[in-house]
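Reading the structure
Take a look at the letters that make up each chain.
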Amino acid sequence: MEFDKIKIQLEKYFRFETSSAEENELRDYFSSSDVPPSLEQYKSIFGNLDMEKDPKFDQEILLKSRNRNWLWLSLMASVVVLLGIGAYGYISFYNADKDQNLGTYDDPEVAFRETQKALSKLSTNLNTGFESVKYIQEYEKSKNLIFKQQ
């Protein structure tokens, strides 16, 4: 009879339906020496429950302070930022002299020819853009005919 009762309590235990009193009964039963061989496999489970109830850890845990690492990391980050700003300033200062030549011409005829070249390039690019707009207008007309928008 007790064997059947223990089997039923084990099934309830594995379905998480046991009360603490029933778990204590199981623990007491499996800590005794008269456990049938068919239930020996559960003895280790309920034996470990006693150990988990009162865990003891005697070793001292030393924790390392990480504040020093953050100090070095923030110091290095600020150095990198300052070097980046310095490099940008250095490069932009020395490249500013090269950018001062804005294409000024002393001879008016040379300036006129260069202006004509630049305007010709601009005109070519604008004409290409207008041709693209014509295709879009044709597409809009076809779409309006097909869908008959109001």
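Whatever comes next refers back to the structure up there.
Quick summary incoming for the structure in this document. (Residues numbered from 1 in each chain as written. Predicted model: local features only at pLDDT ≥ 70, side-chain atom pairs only at ≥ 80, totals over all residues. Heavy atoms only, no water.)

Section: the pattern of salt bridges
- According to the stated counting rule, one finds six salt bridges in the structure shown.
- Between E114 and K117 there is a salt bridge, and its shortest N-O distance comes to 3.4 Å. Of this pair, E114 and K117 both sit in helix 5 (residues 108–147), three residues apart, roughly one helical turn.
- Relative accessible area serves as the criterion here: at 52%, K117 is assigned to the exposed category. (Salt bridge = Lys/Arg side-chain N within 4 Å of Asp/Glu carboxyl O. Helix = DSSP H or I, 4+ residues; strand = E, 2+ residues; numbered from the N terminus. Buried < 20%, exposed > 50% of the residue type's maximum accessible area, 1.4 Å probe, protein only.)

Quick notes on the side chain of T18
- Within the fold, T18 resides in the loop between helix 1 (2–14) and helix 2 (20–31).
- Polar contacts involving the side chain of T18 include one to the side chain of E23, which spans 3.0 Å.
- What T18 contacts, discounting residues up to four positions off in sequence, is Q9, K12, Y13 and E23. (Polar contact = N/O pair within 3.5 Å; in protein donor to acceptor, adjacent residues only side chain to side chain. Contact = heavy atoms within 4.5 Å.)

Observations concerning the packing of aromatic side chains
- By the definition in use, this model includes one aromatic pair.
- Considering the side-chain rings of Y13 and F14, the 5.4 Å spacing of their centres and the 75 degrees angle between planes classify their relative orientation as edge-to-face.
- Residue F14 is classed as partly exposed on the basis of its relative accessible area of 42%. (Phe/Tyr/Trp six-rings, centres within 6.5 Å; stacked < 30°, edge-to-face > 60°.)

A closer look at the nonpolar core
- Core analysis: the largest hydrophobic core is formed by nine residues, namely I6, L10, Y13, L26, Y29, F30, V35, L39 and F46.
- Secondary-structure elements contributing two or more residues to this core are helix 1 and helix 2.
- In this structure, L10 is in contact with L26, F30, L39, Y42 and F46, ignoring residues within four places of it in sequence. (Core = buried A, V, L, I, M, F, W, Y, C linked by side-chain atoms within 4.5 Å.)

Observations regarding a nonpolar patch on the surface
- Residues W72, L75, M76, V79 and L83 make up a contiguous nonpolar surface patch of roughly 520 Å² in combined accessible area.
- Positionally, L75 belongs in helix 4 (residues 67–96). (Patch = residues over 30% accessible without salt bridge, like charges linked within 9 Å, V, L, I, M, F, W, Y side chains within 5 Å. Areas by Shrake-Rupley, 256 points an atom, 1.4 Å probe, with all protein chains shown as cover.)

By themselves, these observations are geometric and do not establish any function.
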